[in-house]
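# Understanding the architecture of this molecule
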Amino acid sequence: MYRILVEERRWISRDRFLNALNYCLALPGPDAQLLAAYVGWVMHGTLGGLLAGGLVILPPMICMMALSYGYVTGGDSTIGEVLLYGLKPAILVIVLEATIRVGRQVLRTRLMVALAGLAFVGTFFFNLSFVPVVVGAAVIGFCAALVGSSAHPGAVHAQGAYGAFMGPAAKDIRQDDLPEHTRPTAGRLLRTGAFWLALWFVPVGVLVAALGLDNVFSQIAILFSKMAALSLGGPYAVNSYVALHAVEPYGWLTHEQALDGLALAELAPGPVILFQQFVGFLAAYRNSGVLPPLAAATLGGLLSVWVISIPPFLWISLVGPFIERFRNNPHINTTLSAVTGGVLGVILTFAIRFGTRTIFTESVPISGFGLDFSLPNFASADPWALAIAVVAAIAMFRFRLGMVATLAASCAIGTIPYLIDTIGLGSLRSGLLGFVAGAAIGFPAGPVAVWCLHLRIQQRRAMASAIIAGSAIGDLIVASVFFVVTDLFGGAITSLQMLKNPLFQGPVLILGGIALLFIVSRSVLLGLPQQDQTRDEQWTYVGAGLAALIALSASVTHPENLLAIGAVFAILGIGSDSGITLLAGFFIGTALTWFSTIELLCHLGEKQGRQIMLRVMQSLCVLCIAAGFVQLARAANLLGI
């Protein structure tokens, strides 16, 4: 929003944008919707605010509705269950990473750090509601401003959190240059306030009067109206509060379904507060009454979106006229920044509670002396969920991967327990054996590898990835051909036992090592034209497809590839009975080795990378030849020679 609104289109100045953002972070409701509504309102009045704020919510609402439909119609499907199993631990890490990142940027004073710590202790250990915690933070911040605290979190918040990476912006305009409709007048405030209050409360009142307080639609309208008015703790804190009420007092969802909904809300684009749409959808689906379940669920989801998306327009219409007037007021800025500190503590509480329910299946309640929290039973930890969380943490904190890549990797790891249960440990062993074989022969060598390294150093990422894919597919084809060849020679023998015979392994290893040593030594240092400047990628699809085809052809047409694969299979004792699982592991192993090796060598530089490639491949070839002579010696002992 900053890049488009401030830098590109210059619709609003940098200072005005940051000042409005400070207020939107402290107001109830989705921050993005509030900020978009404010910018639209400043530029084009009520209609502009309605369009800008509404279009921030509408596409995510449609996406969340589709996910909710899929959840209730296919929620018991194995695929959905497996994907959600991998998602939830990653969501925990994403929330923690966001909390830490924002905390580093905005917790620049002792006051804000202390407020964040107190908010966490109060909400986590004493189960305090987020509303008094955040209101208390605001009161403390206001009192600190009154006594003339040297800390000025408001200014630090704007500059520290956002100023560091925000470049040139629109020139700021004076207060006098603001449009007339943004100036606060009593009549205008009463009219706009009455309009949005009517849109908010008239449907709620009609539902309660027509259906009664016990009807699920009335309960949805009342619960989410309270959240819209009191959601000062940020979306994660509000979602946690809604989840607790939906599970226990109302019984609309189970704990597991609440965690699934939180994962889907994080996965879907748009504000994560649309988790409340998921809650309304499932509440009406499970309490449909005379309506068809899906029809009732649709109405419940739309009702929840209406109730949570209308109040932000009310807040902007009431607060917007004063945002510019009090832009430089230290008391208000300090109060708003104190609220931000309290919000971070509440979000941390949500993240830890979400994580304990995701990773640990059991918990022990602790109560007494005012304490009210649950301590996880560490013996009940789910090892796979813990592993997914660790991998996601490494991806986010160490390698700085984005959210999409982290979620995709977590989903992939989440499928492993399902695969173990489905295919059995025996097939899993074959897959792991194939992975080792693929990794062993996957180290790049020859002109194709040099070409790939050269393009990767020149930042031709698409081309390099295409070469890696083509080479891995070519190796997979050669491995499949090897199985066919061994089957032909093996006749009726299902598993070719001769592969495990030292008399066979020795010559294969020696011949394969010598052939590879000759090829590697002659080709790995072939020169390529140097380029001083990087080039933009062109013809991405055609060029990458051609590169993949060339790499595949090079892997398939070189006979030494068959010798290398035969040598590796001979060492590992892999026969032709291993099947699809082994080939799948083989492909993953060779592709992963190609990718990781090229990335590592790229950081070392082209010349040094080629030298390392040469030395490592020569060493592997020598070891292969040496292993062949060892096997021949073993065969001689077995024959009594």
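Up top is the structure these notes are about.
Notes on the structure follow. Here the residue numbers are simple positions, counted from 1 along each chain's written sequence. Local features are withheld for residues below a pLDDT of 70 in this predicted model, meaning they are given only at 70 or higher, and side-chain atom pairs are given and counted only at 80 or more; totals for whole chains, interfaces and linings count all residues. Heavy atoms from the whole structure form the basis of all side-chain values; hydrogens and water molecules are not counted.

Time to look at the overall build of the protein. Secondary structure elements follow DSSP: runs of H or I of four or more residues count as helices, runs of E of two or more count as strands, with numbering from the N terminus. Tallying secondary structure elements over the protein gives 23 helices and two strands in all. Burial classes: relative accessible area under 20% of the type maximum marks a residue as buried, over 50% as exposed, and values in between as partly exposed (1.4 Å probe, protein chains only). Out of the 641 residues in the protein, the part that is buried amounts to 49%. Sequence-distant contacts in the protein: of pairs separated by 6 or more residues, those separated by 24 or more amount to 81%. Per-residue and other accessible areas were derived by the Shrake-Rupley procedure at a 1.4 Å probe size, with only the shown protein chains allowed to occlude residues. Accessible area of the protein: about 30100 Å², with a carbon and sulfur share of 68%. It only takes one pair of heavy atoms within 4.5 Å for two residues to be counted as in contact.

Across six bridges, the pairing between strand β1 (residues 363–368) and strand β2 (residues 371–376) is antiparallel. When the sheet's bridge partners are listed, V364 is paired in β2 with L375. Two strands are counted as paired when DSSP detects at least two bridges linking them.

The subject of this paragraph is the side chain of Q277. Its place among the elements puts Q277 in helix α12 (residues 275–286). Excluding residues that lie within four positions of it along the chain, Q277 makes contacts with M61, M64, M65, G301, S304 and V305.

Pairs were defined over the aromatic rings of Phe, Tyr and Trp, the Trp ring being its six-membered one, requiring ring centres within 6.5 Å. Orientation was assigned from the angle between planes: stacked under 30 degrees, edge-to-face over 60, tilted for the rest. For the coordinates displayed, the defined rule picks out 14 aromatic pairs. Where F120 meets F125, the ring centres are 6.0 Å apart and the plane angle is 80°; that geometry is what we call edge-to-face. Its relative accessible area of 16% is what places F120 among the buried residues. Under the relative-accessibility criterion, F125 is labelled partly exposed at 27%.

This part takes up empty space enclosed by the protein. We place a 1 Å grid over just the protein atoms. Points where a 1.4 Å probe fits but has no way out form a cavity, open points with protein on both sides within 12 Å along at least 5 of 7 lines form a pocket, and any residue with an atom within 4 Å of a point lines it. Grid points are joined across faces, edges and corners, and a volume is the space filled by probe spheres set on the points. Inspection of every chain in the model, using the stated rule, returns five cavities of 30 Å³ or more. The calculated volume of the largest cavity comes to roughly 110 Å³. S240, A243, L244, V247, H255, A258, L259, L262, F350, R353, F354 and R357 together form the lining of the largest cavity. For the lining of the largest cavity, the secondary structure elements donating two or more residues are α10 (234–247), α11 (255–267) and α14 (330–359). Residue polarity is assigned by list, with Asp, Glu, Lys and Arg as charged and Ala, Val, Leu, Ile, Met, Phe, Trp, Tyr, Cys and Pro as nonpolar; anything else, Gly included, falls into the polar class. Per-class residue counts for the lining of the largest cavity are eight nonpolar, two polar and two charged. Lining the second largest cavity we find A37, W41, G45, T46, G49, L50, T192, W196, F313, I316 and S317. Among the secondary structure elements, those contributing two or more residues to the lining of the second largest cavity are α3 (31–74), α8 (186–211) and α13 (293–323). Examining the composition of the lining of the second largest cavity, we find that six residues originate from one element, α3, more than from any other. The residue inventory of the lining of the second largest cavity, partitioned by class, reads six nonpolar, five polar and no charged.

Our next topic: the packing of helix α5 (residues 110–125) against helix α6 (residues 130–146). For the pair α5 and α6, the least separation of the axes is 10 Å and the interaxial angle reads 155°. In terms of orientation, α5 and α6 fall into the roughly antiparallel class. For the element pair α5 and α6, the recorded crossing hand is right-handed. In contact with L111, L115, A119 and T123 of α5, α6 contributes V133, A137, I140 and A144. Of the residues that constitute the contact of α5 with α6, the class distribution is seven nonpolar, one polar and no charged. Lines fitted to the C-alpha atoms define the axes, with helices restricted to the stretch that makes contact. Angles between their N-to-C directions range from 0 to 180 degrees. Should an angle fall under 35 degrees it is called roughly parallel, over 145 degrees roughly antiparallel, and 65 to 115 degrees roughly perpendicular, with every other angle called oblique. Left-handed describes a crossing whose near helix is turned anticlockwise from the far helix by less than a right angle; the clockwise case is right-handed.

There is a patch of nonpolar side chains on the surface, built from L47, L50, L51, L55, L58 and I62 and spanning about 580 Å² of accessible area. Here L47 is to be found in helix α3. According to the relative accessible area criterion, L47 is exposed, its value standing at 57%. For patch building, the residue pool is restricted to those with more than 30% relative accessible area and no salt bridge; the joining distance is 9 Å between like charges and 5 Å between nonpolar side chains (Val, Leu, Ile, Met, Phe, Trp, Tyr). Any Lys or Arg side-chain nitrogen located within 4 Å of an Asp or Glu carboxyl oxygen qualifies as a salt bridge.

So, on to α8. In this model, α8 (26 residues) spans 37 Å end to end at C-alpha, consistent with the 38 Å of a helix rising 1.5 Å per residue. If you check which residues of α8 are buried, you get T192, G193, W196, W200 and V204. G212 sits one or two residues past α8 and shows a positive phi near 90°. Under the convention used throughout, the expected extent of a helix is 1.5 Å for every residue step, that is, one less than its residue count.

What follows covers the packing of α12 against α13. Contact geometry for α12 and α13: axes closest at 7 Å, N-to-C directions at 145°. The chirality of how α12 crosses α13 is right-handed. Residues Q276, Q277, G280, F281, A284 and Y285 of α12 touch α13, and the partners they reach there are P293, L294, A296, A297, T298, G300, G301, S304, V305 and I308. By residue class, the composition of the contact of α12 with α13 is nine nonpolar, seven polar and no charged.

Mapped onto the elements of the fold, G122 is located in helix α5. The exposure class of G122 is buried, given its relative accessible area of 7%. Setting aside its immediate chain neighbours within four residues, G122 contacts N127 and L128.

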